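Here is how the chains run, residue by residue.
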Amino acid sequence: MNRRSKSFFFTIIFLAGFATPSLGWGFYAHRLINYHAVFLLPSPLFGFFKIHIRYLADHATDADSRRYAIREEAPRHYIDLDRYRLPDSLQWPITWPMAVLVFGEDSLQQHGIVPWWIFIMKFRLQKAFEKNDRDQILKIAADIGHYIGDAHVPLHATSNHNGQFTDQSGIHAFWESRLPELFAEQEYDLILSPAVYLREPSSWIWERVLESAASADTVLRIEKELSYALNQDIKMAYEQRNGIVIRNYSKRYASAYHDRLEGMVERRLRYSIHAVASFWLTAWVDAGQPELPQKGP
Ligand SMILES: [Zn+2]
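Residues numbered from 1 in each chain as written. Predicted model: local features only at pLDDT ≥ 70, side-chain atom pairs only at ≥ 80, totals over all residues.

### A short note on the overall build of the chain
Across its full length, the chain carries 13 helices and three strands. The C-alpha atoms of the chain give a radius of gyration of 20 Å, which matches the 19 Å a tight globule of 297 residues would have. Seen through its C-alpha atoms, the chain measures out along the principal axes to roughly 65 × 50 × 35 Å. A separation threshold of at least 6 residues defines the contact pool for the chain, and within that pool the share at least 24 residues apart is 80%. (Helix = DSSP H or I, 4+ residues; strand = E, 2+ residues; numbered from the N terminus. Rg over C-alpha atoms; globule rule 2.2 N^0.38 Å. Contact = placed C-beta atoms within 7 Å.)

### As for the environment of Gly47
With respect to the helices and strands, the residue Gly47 is situated in helix H3 (residues 45-51). Along the backbone, Gly47 and Leu292 are 245 residues apart, and their C-alpha atoms lie at a distance of 9.5 Å.

### As for the packing of helix H2 (residues 27-38) against helix H9 (residues 134-151)
One can describe the packing of H2 onto H9 by two numbers: an axis separation of 10 Å at closest approach and a directional angle of 120 degrees. Relative to H9, H2 is oriented oblique. For the pair H2 and H9, the crossing hand works out as right-handed. Contacts between H2 and H9 pair His30, Ile33, Asn34 and Ala37 from the former with Ala142, Gly145, His146 and Gly149 from the latter. Counted by class, the contact of H2 with H9 contains three nonpolar, five polar and no charged residues. (Axes fitted to C-alpha atoms, helices over the stretch in contact; angles between N-to-C directions. Parallel < 35°, antiparallel > 145°, perpendicular 65-115°, else oblique. Left-handed = near helix turned anticlockwise from the far one by under 90°. Nonpolar A, V, L, I, M, F, W, Y, C, P; charged D, E, K, R; others polar.)

### Focus: the environment of Tyr188
Looking at where Tyr188 falls in the secondary structure, it is placed in the loop between helix H10 (171-187) and helix H11 (201-229). A C-alpha to C-alpha distance of 28 Å links Tyr188 and Lys122, two positions 66 residues apart in sequence. Tyr188 has contacts with Phe183, Glu266 and Leu269, leaving out every residue within four places of it along the chain.

### Notes on H9
The α-helix winds at 3.6 residues per turn, so residues separated by three or four positions along the chain end up facing the same way. For H9, built from 18 residues, the straight-helix expectation of 26 Å at 1.5 Å per residue is met to within 8% by its first-to-last C-alpha distance of 26 Å. Among the 18 residues in H9, 14 count as buried, and that is most of the element. (Expected span 1.5 Å × (residues − 1). Buried ≥ 20, exposed ≤ 12 C-beta atoms within 10 Å, placed from the backbone.)

### Some points on H11
Relative to the 42 Å expected for 29 residues at 1.5 Å per residue, H11 spans 42 Å between its end C-alpha atoms, a close match to the ideal helical length. Of all the bends in H11, the largest measures some 30 degrees and sits at Ser215. Residues of H11 that are buried include every one of Ile205, Trp206, Val209, Ser212, Ser215, Ala216, Val219, Leu220 and Glu223, and no others. Buried-residue contacts for H11 involve helix H8 (114-130), H9, H10, helix H12 (251-260) and helix H13 (264-286). (Bend = angle between axes of the 7 residues up to and from the residue.)

### Things to note about the nonpolar core
Ile118 and Trp280 are the most contacted members of the largest nonpolar core, which has 69 residues in total. Of the residues forming this core, the biggest block, eleven residues, is contributed by H13. (Core = buried A, V, L, I, M, F, W, Y, C linked by C-beta atoms within 7 Å.)

### Section: unusual backbone geometry
Along the chain, Ser43 connects to Pro44 via a cis peptide bond; the corresponding omega equals 0 degrees. Locating Pro44 in the fold gives a position in the loop between H2 and H3. The amide bond that connects Trp92 to the next residue, Pro93, takes the cis arrangement and shows omega of -5 degrees. Tracing the chain through its elements places Pro93 in the loop between helix H5 (62-66) and helix H6 (96-103).

### Points about the pairing of strand E3 (residues 244-249)
Two strands pair when backbone bridges link them, and strand E2 (residues 236-241) and E3 are joined in this way by six bridges, in the antiparallel orientation. Within E3, the position partnered with Tyr238 by the bridge is Arg247. Connecting E2 to the antiparallel partner E3 that follows it, the hairpin turn spans two residues, and Asn242 within it adopts a positive phi of roughly 50 degrees. (Pairing = 2+ DSSP bridges.)

### Quick word on the confidence of the model for the chain
Per-residue confidence for the chain gives a mean pLDDT of 91, with 91% of residues at or over 70. Segment residues 1-22 is flagged for pLDDT under 50; beyond a separation of four residues in sequence, or across chains, it makes 32 contacts in the model. (pLDDT = per-residue confidence, 0-100.)

Following this line, the structure appears as structure tokens:
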């Protein structure tokens, strides 16, 4: 390798296959979810959240950043449902105390706790509304938006989360980052019906998580079939991003995969947005619909 090709080699970032799997919907999609959720809220929540919409979007990925600093953070973003074997006498969902009893805390921390954690965060948001604590409301609202988004991603509900068991490493970021980045702005309809009050937020989020787990096989199978059907030469491509050359799934391959998924990514993104707005609204209603903090400094 001569000097020139060597430097070229080292400026290539291998996004697919070698990078650590992304940590939830990508940065772009998490921002999009929190941002669009604001517009589904009724007054006076809409007015308050609209003032702080930039904060909610900018902090949509704080929870992912914490994963590097806090050991307990990681399992809050996923649940490897296939790793949990429920006794015949039980079926999903089960409460947190029951889960601790059946699986033990260590096992839960290892295989993920996202649906239980969202319920805890909903309670914390409710308390923040009760205390009229603007900073806490915004911080928790941004975070719960993140966790709810993650709960809607099929590969966050399976142990084969990056296709590592099926020779599909890289599929995690492909599905949740590359596809929304390529198609959301041009093709997705993100105008949604207003947020709703959730009578049973816990079973409601569990339903979404179970849907995610049920879709994980499809996400993996369709990519595998496509990989066999198309010429491998067109699968990956190099492109410039912020002055660096990166290797990523090609637009052509992404487009073919996206078509075969028949709207799944758009559907999960729409559900995420609506769910986030509905959780914000539900926490406020359960707090007794208190006055909202005034715009602060
Ligand atoms: Zn995450």
